[in-house]
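# Report on the structure
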Amino acid sequence: MKLKLEKREDGWVEVKFGEFLKDGGFMDDRDEIRFHITEIKYTYWKYSFIIQGTEFRLVQNLGSDFHVMEATMGQSHGRESIISGPSPFDSLPVDCISSIISFTSPRDACNAASVSKTLESAAKSDSLWEKFLPSEYTSLVPQYSRVFSSKKELYFALCDEPLLIEDGKKSFWLEKASGKRCIMISPKEVSITWGSSPEHWQWISIPESRFEKIAELIDVCWFEIRGGMHTRYLTPGTRYSVYIVFNTKNGCPGLGDLPVDAGVGLVGQESPQKPEARDDGWMEAELGQFYNDSCCDDISLSVVKTNTPDWKSGLIIQGFEFRPAKT
């Protein structure tokens, strides 16, 4: 068989030997996989061949793109599942398969639904999707104006339709691929220097905001915002990024692209914030990251701009967003 060389993203070259189906259990040691590669056609000497190792990885028959998740959601998004054939899991009870899938992620569950009819049934079960829902989900349901036909439908509603909690001071939703918690805190929840002085800041209501009142900067020479949040609202064992979510008026005089002191946790750093456009029409700039090891700590955040004498205006702050960091 002639082997095809392919360039990898890490700079190495790889050759595919073949494929096999692992149909045993997780701890099944009855089988052994052997492989070989030989070249005996020519008798001359060979050299300059560097071998890093031999790699075993899943066959990419469905691809890893997140769109597979949306394509296998079933009636939640009005699409049909892609069934590729029988699976070695088909001999197991459906509730057993659901229990196994619950140790993965919502994204994996949606991908599993495309493998076979049995896995599709297991991947739709309420017992599975209840594992992906937050523990307090029953208290969140009354905020919706409709009845959900399944726990899976409720899960995707919590991903796509953020809810207000804590008397409207926080906005809560789930990251779709992982089910991890995301939070945006209202500017009413942070301390803004001169925030109670109408000549410096005003509190406005606009339909584009999640919160009833948000902050608009009128005119200040001393710009400082400090706040924080308890990590019980977030998913343990997760690295989070913190963003300021905002819009500007008249080019945001006095701030613009100038560096600001931004900090999350105990460490601050001075760096130019790089605003990026969001799908919801707002802008965001990352303030920093932290690792949420447990649910018993307080995380602080700060945004300070005091090292220029210029007066500053034209900043509209919707809130401060905590969501899992991009990996």
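Here, every reference points to the structure presented above.
First, a word on what this report is: a plain description of the structure on this page. Everything numeric here is computed off the predicted structure, so don't read it as measured data.

### Considerations on a nonpolar patch on the surface
Residues Phe 17, Phe 20, Ile 33, Phe 35, Ile 37 and Phe 56 make up a contiguous nonpolar surface patch of about 600 Å² in total accessible area. Within the secondary structure, Ile 33 sits in the loop between strand 2 (13-15) and helix 1 (67-71).

### A look at the packing of aromatic side chains
Applying the stated rule across the entire model yields eight aromatic pairs. With centroids separated by 5.2 Å and ring planes inclined at 90 degrees, the aromatic side chains of Tyr 155 and Phe 156 adopt a geometry described as edge-to-face. Each member of the pair Tyr 155 and Phe 156 is classed as buried. Among the aromatic side chains, those forming a connected cluster through ring pairs are Trp 129, Phe 132, Tyr 155 and Phe 156. The aromatic ring of Trp 203 is capped on one face by Lys 188, whose charged end is 4.2 Å from the ring centroid. Between Arg 210 and the ring centre of Trp 173, over which it is positioned, the NZ or CZ distance is 4.5 Å.

### A short note on the nonpolar core
Membership of the largest hydrophobic core comes to 56 residues, with the highest contact counts inside it found for Phe 320 and Phe 322. With six residues, the top contributor of residues to this core is helix 7 (residues 151-160). With near-sequence residues (within four places) excluded, Phe 320 lies in contact with Ile 183, Met 184, Ile 185, Val 190, Ile 225, Tyr 243, Ile 244, Leu 287, Leu 301 and Val 303. Within the second largest apolar cluster, nine residues are counted, among which are Trp 173, Met 184, Ile 214 and Ile 316.

### A few points about the pairing of strand 16 (residues 315-324)
Within strand 16, 10 of the 10 residues are buried, which leaves the element mostly enclosed by the surrounding structure. Relative to strand 16, strand 5 (residues 181-185) runs antiparallel, the two sharing three bridges. Bridge assignment links Ile 183 to a residue of strand 16, and that residue is Phe 322. Here strand 8 (residues 214-217) pairs with strand 16 via two bridges, running antiparallel. Within strand 16, the residue paired with Glu 216 across the bridge is Ile 316. Sheet analysis places strand 10 (residues 238-248) next to strand 16, joined by nine bridges and oriented antiparallel.

### Thoughts on unusual backbone geometry
In this structure, Glu 166 is a non-glycine residue whose phi angle is positive, near 55 degrees. Inspection of the secondary structure puts Glu 166 in the loop between strand 3 (163-165) and strand 4 (170-174). Residues other than glycine seldom take positive phi values, yet Trp 194 does so here, at roughly 65 degrees. In this fold, Trp 194 is placed in the loop between strand 6 (191-192) and strand 7 (201-204). The class of Trp 194 is partly exposed, set by a relative accessible area of 45%.

Criteria and thresholds
Residues numbered from 1 in each chain as written. Predicted model: local features only at pLDDT ≥ 70, side-chain atom pairs only at ≥ 80, totals over all residues. Heavy atoms only, no water. Patch = residues over 30% accessible without salt bridge, like charges linked within 9 Å, V, L, I, M, F, W, Y side chains within 5 Å. Areas by Shrake-Rupley, 256 points an atom, 1.4 Å probe, with all protein chains shown as cover. Salt bridge = Lys/Arg side-chain N within 4 Å of Asp/Glu carboxyl O. Helix = DSSP H or I, 4+ residues; strand = E, 2+ residues; numbered from the N terminus. Phe/Tyr/Trp six-rings, centres within 6.5 Å; stacked < 30°, edge-to-face > 60°. Buried < 20%, exposed > 50% of the residue type's maximum accessible area, 1.4 Å probe, protein only. Lys NZ or Arg CZ within 6 Å of the ring centre and 35° of its normal. Core = buried A, V, L, I, M, F, W, Y, C linked by side-chain atoms within 4.5 Å. Contact = heavy atoms within 4.5 Å. Pairing = 2+ DSSP bridges.

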